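# Chains, contacts and geometry: an overview
In case you want the letters, here they are:
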Amino acid sequence: METQIHGLTEKIADARSQATGQLQALSSLGDVQEWERAWLGPKGEITTMLRSLGTLPKDERPVAGRETQALRQELETAFAPIRDRIEREALDARLEDERVDVTLPGIDPQIGAIHPVSRMIDELVEIFGQLGFQAVFGPEVETGRYNFDLLNIPADHPARDVWDTILVDDPTAEIVMRTHTSPMQARTMERIDPPVRVIVPGRTYRYEAQDASHEWMFTQLEGLAVDRNITMTDLKGVLQEMARQLFGPERRVRFRCDYFPFVEPGVDFAVDCAICSGKGCRVCKQSGWLEMGGAGMVHPNVLRGVGYDPDEYTGFAFGLGIERIVMMKYGVDDLRIFNTNDLRFLKKFATAAVS
Ligand code: PHE
């Protein structure tokens, strides 16, 4: 009996010195797990010792049990700070390893910008919206009927040649790329009765040699107002207000006689140059005036063509080139740059606020 107790006491002492010795040598997370499994785990040394208590004589069991439990307690107490230290060191090492310098400059995302022509369209829609005009959009592929006939340009009229038309497929069918936004005059009036107040932004196409001020594709803004008692004063007032909002409060508008078959009288209109106040500079090519487009009072034949009575209704129409306005407003001197996708040019418009 004595031998057994003695044997157990020895065993406990052995275990203590072994376990504590190993404890001092632990250095990695793996060591920690391994040690815990070997000594304190469900299949570890202490558990095995506790299980073997049953083989001792009854009266020795309590002492042996207490001593083994005491050893467990002792080992747990010694183990905890060592485990904590090693775990913390491992975590520190990992943090150091995966360190991210949040002060490094980020990678700028490439954010696109709205094209200057689209921005100008937005601006014009806004300006004319305040004046009671609604924006409408029409087809870019048109029939001769809308592009010419209903605009008082009959088939044999020489003015039909003026527009450098691009024909689609079979020339006899006269399907054309619209040469101006004016076809939407008739399309709109066919659909609604007066009062009419619309603007038509959109692309137009002409068979044209390209240079700094000519493109085969460009963008126009058409305007049309038809009602009782519309006069040229209204036309001038509307265009003056547009010029004022686009180019500043002091702007003046100039009308000169011009010919378009669908207006009578017809004019070209210009705005005095905001940059030099009309004195003459590079942007206005020393003339003091910026030419914006054509305009006039809607021809009675156009009104008749859509079933309006020209004795009851009158109207005005105008058409202007949107690229030209951007060029004048921002001093761009080559029309071709709008369609070359040159980021250096497009980025100039990237930061300005969208109106
Ligand atoms: N459609 C004409 C053009 O493109 C411009 C214009 C529109 C003139 C409306 C008068 C009235 O040249």
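What comes next concerns the included structure. (Residues numbered from 1 in each chain as written. Predicted model: local features only at pLDDT ≥ 70, side-chain atom pairs only at ≥ 80, totals over all residues. Heavy atoms only, no water.)

## What about the packing of aromatic side chains?
- Going through the model one piece at a time under the given rule, you end up with nine aromatic pairs.
- Centre to centre, the rings of Trp35 and Phe79 are 4.7 Å apart; their planes meet at 20°, and the pair counts as stacked. One end of the pair, Trp35, is in helix 2 (residues 29–39); the other, Phe79, is in helix 4 (residues 61–97), with 44 residues separating them in the sequence.
- Residue Trp35 is classed as buried on the basis of its relative accessible area, which comes to 2%.
- With a centroid separation of 5.6 Å and 85° between ring planes, the pair formed by Phe338 and Phe345 is classed as edge-to-face.
- Taken together, the aromatic side chains of Phe128, Phe133, Phe316 and Phe318 make up a single cluster linked through ring pairs.
- Here the guanidinium or amino end of Arg145 rests over the ring plane of Tyr146, the centre of that ring lying 5.8 Å away.
- The residue whose ring lies beneath Arg187 is Tyr146, and the NZ or CZ to ring-centre distance is 4.0 Å. (Phe/Tyr/Trp six-rings, centres within 6.5 Å; stacked < 30°, edge-to-face > 60°. Helix = DSSP H or I, 4+ residues; strand = E, 2+ residues; numbered from the N terminus. Buried < 20%, exposed > 50% of the residue type's maximum accessible area, 1.4 Å probe, protein only. Lys NZ or Arg CZ within 6 Å of the ring centre and 35° of its normal.)

## Some thoughts on the sheet that holds strand 2 (residues 141–143)
- With antiparallel pairing, three strands are arranged side by side in an open sheet as 2-4-3. A strand with exactly one partner marks an edge of an open sheet, and here the two such strands are strand 2 and strand 3 (166–168). Here the average twist between neighbouring strands, direction ignored, is 45°.
- One ladder, built from three bridges, connects strand 3 with strand 4 (residues 175–177); its direction is antiparallel. Within strand 4, the position partnered with Val168 by the bridge is Ile175. (Pairing = 2+ DSSP bridges. Axes fitted to C-alpha atoms, helices over the stretch in contact; angles between N-to-C directions.)

## Details of the site of the ligand
- Neighbouring residues of the ligand: 15 residues in total, closest His180, Ser182, Arg206, Gln220 and Gly319.
- Residue His180 places a side-chain N or O atom 3.0 Å away from a nitrogen atom belonging to the ligand.
- Between the ligand and Gln220, the relevant distance is 2.9 Å, taken from an oxygen atom to a side-chain nitrogen or oxygen of the residue.
- Alone, the ligand offers 320 Å² of accessible surface; in the complex the protein occludes 93% of this.
- Among the elements that take part in the shell around the ligand, strand 10 (residues 314–321) stands out by supplying three residues, more than any other.
- Within the shell around the ligand, the residues separate by chemical class into seven nonpolar, six polar and two charged. (Near = heavy atom within 4 Å. Polar contact = N/O pair within 3.5 Å; in protein donor to acceptor, adjacent residues only side chain to side chain. Areas by Shrake-Rupley, 256 points an atom, 1.4 Å probe, with all protein chains shown as cover. Nonpolar A, V, L, I, M, F, W, Y, C, P; charged D, E, K, R; others polar.)

## Looking at the pattern of salt bridges
- Enumeration according to the criterion identifies 19 salt bridges in this entry.
- Put simply, Arg16 and Glu74 hold a salt bridge, and the shortest N to O gap is 2.8 Å. Placement of Arg16 in helix 1 (residues 2–25) and of Glu74 in helix 4 is noted, with a sequence separation of 58 residues between them.
- Residue Arg16 is classed as partly exposed on the basis of its relative accessible area of 29%.
- For Glu74, a relative accessible area of 34% puts it in the partly exposed group.
- Between Arg85 and Glu89 there is a salt bridge, with the nearest N and O atoms lying 3.4 Å from each other. (Salt bridge = Lys/Arg side-chain N within 4 Å of Asp/Glu carboxyl O.)

## Quick look at the sheet that holds strand 6 (residues 217–227)
- Overall, mixed pairing links the seven strands, which are arranged 1-5-6-10-9-8-7 in an open sheet. Edge positions in the sheet fall to strand 1 (134–135) and strand 7 (253–257), since each of these pairs with one other strand and no more.
- Its contacts with the sheet place helix 7 (residues 183–191) against strand 5 (196–205), strand 6 and strand 10, and it is angled at close to 40° to strand 6. (Contact = heavy atoms within 4.5 Å.)

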